[in-house]
Amino acid sequence: MKRYFNERTREFILLISYPCINKKCAFCALHLDNSCNTRLMLKTNREVVSKITGKYGILEVYNSGSIFELPVATLFELQDKIRKASINKVIAEAHWFYRRRFEEMKKFFGIEETVIKVGVETFNNNLREKYMKKGMGRVSPEEIRSFTNGINLLVGFRGQTKEMIENDMEIACRLFDYIDVNILDEKYVPNP
Ligand code: SF4
């Protein structure tokens, strides 16, 4: 999967983190970026964090997994930089598994707004759990909304119909404030 950024509106960073909680999503190769080498992660992440400018006041943090999987030292360095650079909005990602810790992360950054997006991919529970192997279980859009106002959707997965995509877009636009739509390019999908 390739990531396409709109650099005009916010600053993006990509950090390295410990292995993601799921590692099984059928469309994902991002978790191959994860590491268990703490020294490497701290060094790389420190360099990246030091380059944050705060230019737009909005920072989007990616780490090929959940923000909760970053080394604790990186999180503190990020917190410090966010305050010094006067960033008032942070957007990050986390697996549904961490939903009961979202408020904790918001308090940790202590800024105007922290959005923790969940990679819902689709509101069709059968497609998401049986074929995408997302590991969220059967959840309603309303339940997801009760934990976050940001989601990621996936378009282009095998078996996903036009009707399913339209239904996802309708629900997303009705209930959520931050919606990322990722277009799946099969050549980036690892072999089963
Ligand atoms: S999509 Fe997210 S949760 Fe799923 S394997 Fe990839 S990094 Fe992990």
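These figures come from a predicted structure and were not determined experimentally.

### A closer look at the site of the ligand
For step 1, the next point in the chain: The environment of the ligand is formed by Cys 20, Asn 22, Lys 23, Cys 25, Cys 28, Leu 30, His 31, Ser 64, Gly 65, His 95 and Gly 119.
For step 2, the next point in the chain: Class assignment of the residues belonging to the shell around the ligand gives a composition of four nonpolar, six polar and one charged.

### Considerations on unusual backbone geometry
For step 1, the next point in the chain: For Ser 64, which is not glycine, the phi dihedral falls at a positive 50 degrees.
For step 2, the next point in the chain: Along the polypeptide, Ser 64 turns up in the loop between β2 (58-62) and α2 (72-84).
For step 3, the next point in the chain: The phi dihedral of Lys 133 is positive, around 60 degrees, even though this residue is not glycine.
For step 4, the next point in the chain: When you line up the elements, Lys 133 lands in the loop between α4 (125-131) and α5 (141-145).
For step 5, the next point in the chain: What makes Lys 133 partly exposed here is the crowd of 14 C-beta atoms within 10 Å.

### Side note on the nonpolar core
For step 1, the next point in the chain: Residues Ile 67, Val 90 and Ala 92 are the most contacted members of the largest nonpolar core, which totals 33 residues.
For step 2, the next point in the chain: Only β2, α2, β3 (89-94), β4 (113-121), β5 (150-155) and α6 (162-175) provide two or more residues apiece to this core.
For step 3, the next point in the chain: In terms of residue count, β3 provides more of this core than any other element does, four residues in total.
For step 4, the next point in the chain: Contacts of Ala 92, omitting those with residues within four sequence positions, involve Val 61, Ile 67 and Ile 116.

### Considerations on the pairing of β4
For step 1, the next point in the chain: Along β4, seven of the nine residues are buried, which leaves the element largely enclosed by surrounding structure.
For step 2, the next point in the chain: Looking at chain direction, β3 and β4 are connected through six bridges and run parallel. Among the inter-strand pairings, Val 90 is bridged to a residue of β4, identified as Thr 114.
For step 3, the next point in the chain: In the classification by handedness, the crossover that spans β3, the intervening helix α3 (residues 102-109) and the parallel β4 is right-handed.
For step 4, the next point in the chain: With three bridges joining them, β4 and β5 adopt parallel strand pairing. Bridging across to β5, Glu 121 finds its partner in Leu 153.

Cut-off values and rules
Residues numbered from 1 in each chain as written. Predicted model: local features only at pLDDT ≥ 70, side-chain atom pairs only at ≥ 80, totals over all residues. Near = placed C-beta within 6 Å. Nonpolar A, V, L, I, M, F, W, Y, C, P; charged D, E, K, R; others polar. Helix = DSSP H or I, 4+ residues; strand = E, 2+ residues; numbered from the N terminus. Buried ≥ 20, exposed ≤ 12 C-beta atoms within 10 Å, placed from the backbone. Core = buried A, V, L, I, M, F, W, Y, C linked by C-beta atoms within 7 Å. Contact = placed C-beta atoms within 7 Å. Pairing = 2+ DSSP bridges. Right-handed = clockwise from strand over helix to strand, strands pointing away.

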